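What follows is the residue order along each chain.
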Amino acid sequence: MEMILAPSILAADFTKLGEQMKETEREGAQYIHFDVMDGKFVPSISFGMPVLASIRNAVDQIFDVHLMIEEPIRYVEEFQKAGADIITVHLEACSDVKATLEKIKACGAKAAISICPDTPVAELEPYVELVDMVLIMSVHPGFGGQSFIPSSLEKIRETRALLDRVNSTADIEVDGGIYTTNVREVLEAGANVIVAGSAIFRGDAAENTKNMMEILRAYE
């Protein structure tokens, strides 16, 4: 299984965002993680379609768009048109999860579903055969720089068991508080897509990406 790094630009320096993205691409990061926050589902507000469209052509990486917004079905088509390759929605934010996932696929993007730290993995079961990826939040969504919640490791293991039970090839992505010091535990629990913000963009983005990719490649 390919191990994938998704640097989260929420932690990037926006005065040199394009160059920092290119540095992560040159060092092997396959995805760019793009966090969208609406100030309702989560307390913070981030960025939306115009920013995505403006940076889409800066790199050839997969754009992994994480919608932390209420009723994301309203916007999935616009985000796909702006450049999203993968669109992740929160189970907790959708009144009709199935219809939302189906609309993402109908738009031509890959569909992913996420759960917050307090949501049991069992609630994913009705939807795992509809998605290309499951995102386990290992912090409470809405703020960067939080500490990894240790119980997330068990949730990753439960999710891997659930996917295996239904013969799903969906990826498991984990987002929140992941650094070179703890990423091995996350990979060993069953994840294969790692979101890292501060761990990549705090300091030398190229060097940080290189160091994280060396660990990921050892698990392929």
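These figures come from a predicted structure and were not determined experimentally. (Residues numbered from 1 in each chain as written. Predicted model: local features only at pLDDT ≥ 70, side-chain atom pairs only at ≥ 80, totals over all residues. Heavy atoms only, no water.)

1. Re the UniProt feature "binding site: substrate" (unreviewed entry) in the protein
Thought 1: In this numbering, the UniProt entry assigns the feature "binding site: substrate" (unreviewed entry) to Ser8, His66, Gly142, Phe143, Gly144, Gly145, Asp175, Gly176, Gly177, Gly197 and Ser198.
Thought 2: Residue placement: Gly145 occurs in the loop between β6 (133-137) and α5 (152-165).
Thought 3: Of note, Gly176 is situated in the loop between β7 (171-175) and α6 (183-189).
Thought 4: Residues in contact with Gly176, not counting those within four places in the same chain, are Ser138, Val139, Phe148 and Val195. (UniProt positions renumbered as here; feature names shortened; annotations may be inferred. Helix = DSSP H or I, 4+ residues; strand = E, 2+ residues; numbered from the N terminus. Contact = heavy atoms within 4.5 Å.)

2. Focus: the UniProt feature "binding site: a divalent metal cation" (unreviewed entry) in the protein
Thought 1: The UniProt entry lists His33, Asp35, His66 and Asp175 under the feature "binding site: a divalent metal cation" (unreviewed entry), expressed in the numbering used here. Considering the C-alpha atoms alone, the annotated residues occupy 143 residues of sequence yet fold into one spot, their largest mutual distance being 10.6 Å.
Thought 2: Looking at the element boundaries, His33 is found in strand β2 (residues 31-37).
Thought 3: Overall, His33 belongs to the buried group, its relative accessible area being 0%.
Thought 4: Non-local contacts of His33, meaning those with residues more than four positions away in its chain, are made with Ala6, Pro7, Ser8, Ile9, Asp64, His66, Glu173, Asp175 and Val195.
Thought 5: Position of His66 among the secondary structure elements: in strand β3 (residues 62-68).
Thought 6: Discounting chain neighbours no more than four positions away, the residues touching His66 are His33, Phe34, Asp35, Val36, Thr88, His90, Ser114, Leu135, Met137 and Asp175.
Thought 7: A distance of 3.1 Å separates the side chain of His66 from the side chain of Asp35, its partner in a polar contact. (Buried < 20%, exposed > 50% of the residue type's maximum accessible area, 1.4 Å probe, protein only. Polar contact = N/O pair within 3.5 Å; in protein donor to acceptor, adjacent residues only side chain to side chain.)

3. Describing the packing of aromatic side chains
Aromatic rings considered in pairs are described by the distance between their centres and by the relative angle of their planes.
Thought 1: Across all of its chains, the model carries two aromatic pairs by this definition.
Thought 2: Ring centres of Phe14 and Phe47 lie 5.6 Å apart, and the angle between their planes is 35°; on these two criteria the pair is classed as tilted. Here Phe14 is found in the loop between β1 (4-7) and α1 (17-26), whereas its partner Phe47 is found in the loop between β2 and α2 (49-55), with 33 residues between them in sequence.
Thought 3: Residue classification places Phe14 among the partly exposed residues on the basis of a relative accessible area of 41%.
Thought 4: Ring centres of Phe34 and Phe47 lie 4.7 Å apart, and the angle between their planes is 50°; this geometry places the pair in the tilted category. Here Phe34, found in strand β2, pairs with Phe47, found in the loop between β2 and α2; they are 13 residues apart in sequence, far enough to count as distant. Side by side, Phe34 and Phe47 carry an identical accessibility label, which is buried.
Thought 5: An aromatic cluster is present here, built from Phe14, Phe34 and Phe47 joined pairwise through their rings. (Phe/Tyr/Trp six-rings, centres within 6.5 Å; stacked < 30°, edge-to-face > 60°.)

4. Notes on the pattern of salt bridges
Thought 1: Under the counting rule described, the total for this entry stands at seven salt bridges.
Thought 2: The partner of Glu19 in a salt bridge is Arg26, with the nearest N and O atoms 2.8 Å apart.
Thought 3: Judged by relative accessible area, Arg26 falls into the exposed class, the value being 56%.
Thought 4: Of the charged contacts in the structure, one is a salt bridge between Arg165 and Glu125, with a shortest N-O distance of 4.0 Å. With Arg165 in helix α5 and Glu125 in the loop between β5 (110-115) and β6, this residue pair connects regions lying 40 residues apart in the sequence.
Thought 5: A relative accessible area of 42% places Glu125 in the partly exposed class. (Salt bridge = Lys/Arg side-chain N within 4 Å of Asp/Glu carboxyl O.)

5. Side note on the side chain of Ser152
Thought 1: One can find Ser152 in helix α5.
Thought 2: In this structure, Ser152 is in contact with Met137 and Ser138, ignoring residues within four places of it in sequence.

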